[in-house]
Amino acid sequence: MSHQESLTAYIAAFVAELVFSGVTDVVVSPGSRSTPMAMVMAEHPDLKVHIHVDERSAAFFALGIAKITSRPVAILCTSGTAAANYFPAIVEARYSRVPLIVLTADRPHELREVGAPQAINQIHLYGHQVKWFAEMALPDKGDEMIRYARTFCARATAAATASPAGPVHLNFPFREPLIPKLDEEIFHTEERSNGYVKVLNGDLTINEEHIKEIAEKLMGKEKGIIVCGNIADEAFANAVTQLAEVLKFPILADPLSQLRSGKHNLEHIIDSYDTFLRNDEAKSFLKPEVVIRFGAMPVSKALTIFLKENHSADQFVIDGGGGWRDPSSLSTDMIFCNETIFCEKLVTYLKRQSPSMFLEDWKKVNKLTKENMALVRDTAELSEGRLFYQLAELLPEGATIFVGNSMPIRDLDSFFLNNDKSIRVVANRGANGIDGTVSTALGTALYSQPLYLVLGDLTFFHDLNGLIAAKLYNIDINIILVNNNGGGIFSFLPQAEHPKHFELLFGTALNIEFEHAVKMFHGDYTKIKDWDHFESEMKMAMNSKGMKVFEVATNRDRNRDEHREFWRVVSQEISNFVTGEHG
């Protein structure tokens, strides 16, 4: 049997198993050593092959596809530093629990550590950042090797999708010649036998005795809150709002919880806590005895501090991924159970609580805070707070908003309020970096339309080359570029109190004319003049195609002062309210 026949059969079996295991999208970066895998992938009729020449951007593009579809996505590159460029996206996938199947081509063993070109040590290249690693055997066509290829593919896909989802890495050594034998029989000859393994993943659950114990602990507790971070399960919203209705607990809903927007019950959802939990009197007034927390840690630092300050409360952390999301070591009960299953089971053992004054107090403070948002809503000059306030009104039903890190995600948390439009909110909050934001958003846009990306100028610059995907694949995306000419978040941090080297080390003004970069990738660019102009452009964007970039220029210092004035006014109003209530 020829080398070419063995190479082709082995890889065809692997690729066929990828498809059987639920992979529909692969992102390939061109290279020589990965030739056999790339060519076989391109032959499969049920695989969508996306070409991205930059491995760093390619991996984030795949991350976006996997994030929005909740399906595993494969990425393929050649040997050497090409594989190293995957690392940032793999880290993000690990910590944001996104399934990626990382396929790296490699030199065969005899060409390693002997000075061969484009050869680095790729064994365990990503260390503990992947859930599972396998050094694949050299291709062969024997029955045992075909079974081996399919089995390891099934294991990799199952490992990537098992909760908590994440990246896995398979390293493929290939000998030359690298060209497979492609004909119409390539996949028909490797039809899947009933004897091949099929891996089924299940959800973590909890036994009835334990759920009864938790229900007994919660019964009669009036001063409780539910905190929801990033959760992707579409069934969770109805389950947790039903739990809140029975317990009469307020839900502090992080924007990534998908609870602030939709057709579910919004009655008990608190959306402006990031503002009023900066007030000491409010925190004392709203002190809980019980905290039930779902999902990733929330964006809000004010909420994180509030939870830490209430370390004496019973704190239940429910994690369907079996992780340990408790950076402040506050949990009294760590429960490894699917979040939706937990809510549904718990409700069956609870009696509906009486109307709660504690819940009403949370609602009153939340309402008072939102009534004072006129300070942000009516700002005449372009500002970052008003931008997110208006987006909740301007975005169409069913839109997806992808938000960059640093200030945009925080302003979204503060000013993107409850609505019934079913707007999905997405961000890279695994490692909280600005890496690959444009590429991830474009991957997301393949399967979620209309998509609006809101990010800062440093984040945009950091991933400008990612825009090539919009040009190559005609992806529709609306990019709202908030340009405060530097790192705006640092103006809110202690570094700002030391002006001597602040601009050099943290302000980092780029002074870039982004219009030229946008046009290089065949995008449409608009410089927003005022709020009327912004509103009209957002309305026109609903009916237009292609990549559109809307630059909103803001001032870092004015933005900081506006936020602080808003916090001051709200704090004073809340203090007056709390004093009146206690009086």
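For the structure itself, look to the data block above.
Residues numbered from 1 in each chain as written. Predicted model: local features only at pLDDT ≥ 70, side-chain atom pairs only at ≥ 80, totals over all residues. Heavy atoms only, no water.

Draft legend 1. Representation of the state of the cysteines in the model. What the rule picks out here adds up to 0 disulfides. Cys77 takes part in no disulfide bond, and the closest cysteine sulfur to it belongs to Cys153, at a distance of 17 Å. Judged by its relative accessible area of 0%, Cys77 is buried. Cysteine Cys343 remains unbridged, with the sulfur of Cys228 as its closest cysteine sulfur at 7.4 Å. For Cys343, a relative accessible area of 0% corresponds to the buried category. (Disulfide = S-S within 2.5 Å. Buried < 20%, exposed > 50% of the residue type's maximum accessible area, 1.4 Å probe, protein only.)

Draft legend 2. Fine view of a nonpolar patch on the surface. A contiguous nonpolar patch, built from Leu204, Trp324 and Phe336 and spanning about 320 Å² of accessible area, is present on the exposed surface. With respect to the element layout, Phe336 can be found in the loop between strand E12 (333-335) and helix H12 (339-348). Take Phe336: its relative accessible area is 33%, and that puts it in the partly exposed class. (Patch = residues over 30% accessible without salt bridge, like charges linked within 9 Å, V, L, I, M, F, W, Y side chains within 5 Å. Areas by Shrake-Rupley, 256 points an atom, 1.4 Å probe, with all protein chains shown as cover. Salt bridge = Lys/Arg side-chain N within 4 Å of Asp/Glu carboxyl O. Helix = DSSP H or I, 4+ residues; strand = E, 2+ residues; numbered from the N terminus.)

Draft legend 3. Examining the sheet that holds strand E8 (residues 251-253) more closely. What the 6 strands build is an open sheet, ordered E9-E8-E7-E10-E11-E12; its pairing is parallel. Since the sheet does not close on itself, it has two edges, and those belong to strand E9 (269-270) and E12, each with one partner. Pairing of strand E11 (residues 314-318) with E12, which is carried by 3 bridges, proceeds in the parallel orientation. In the sheet register, Ile318 faces E12, and the bridge partner there is Ile335. (Pairing = 2+ DSSP bridges.)

Draft legend 4. Summary view of empty space enclosed by the protein. This structure, assessed with the given rule, holds 1 cavity of 30 Å³ or more. Taken together, Arg293, Met297, Thr304, Leu307, Gln315, Val317, Asp326, Pro327, Ser328, Leu330 and Ser331 make up the full set of residues lining the largest cavity. Looking at the lining of the largest cavity, the elements that each hand over two or more residues are helix H11 (301-309) and E11. Residues belonging to the lining of the largest cavity are distributed by class as follows: 5 nonpolar, 4 polar and 2 charged. (1 Å grid on protein atoms, 1.4 Å probe; cavity = no way out; pocket = protein on both sides within 12 Å on 5 of 7 lines; lining within 4 Å. Points joined across faces, edges and corners; volume = space filled by probe spheres on them. Nonpolar A, V, L, I, M, F, W, Y, C, P; charged D, E, K, R; others polar.)

Draft legend 5. Structural view of the layout of surface pockets. Of the voids in this model, the second largest pocket is the one considered here, and its volume is about 300 Å³. Residue lining of the second largest pocket: 16 residues in total, with Glu234, Gln258, Ser261, Ser422 and Arg424 positioned closest to the centre. Each residue belonging to the lining of the second largest pocket can be placed in one class, and the counts come to 5 nonpolar, 7 polar and 4 charged.

Draft legend 6. Spotlight on the packing of helix H1 (residues 3-20) against helix H2 (residues 35-43). Between H1 and H2, the least distance of the axes is 9 Å, while the angle of their chain directions is 55 degrees. As judged from the angle between their axes, H1 and H2 are oblique. As H1 packs across H2, the resulting crossing turns out to be right-handed. From H1, Leu7, Ile11, Ala12, Phe14, Val15 and Leu18 reach across to H2, where they touch Pro36, Met37, Val40 and Met41. When the residues that make up the contact of H1 with H2 are grouped by side-chain class, the tally is 10 nonpolar, no polar and no charged. (Axes fitted to C-alpha atoms, helices over the stretch in contact; angles between N-to-C directions. Parallel < 35°, antiparallel > 145°, perpendicular 65-115°, else oblique. Left-handed = near helix turned anticlockwise from the far one by under 90°. Contact = heavy atoms within 4.5 Å.)

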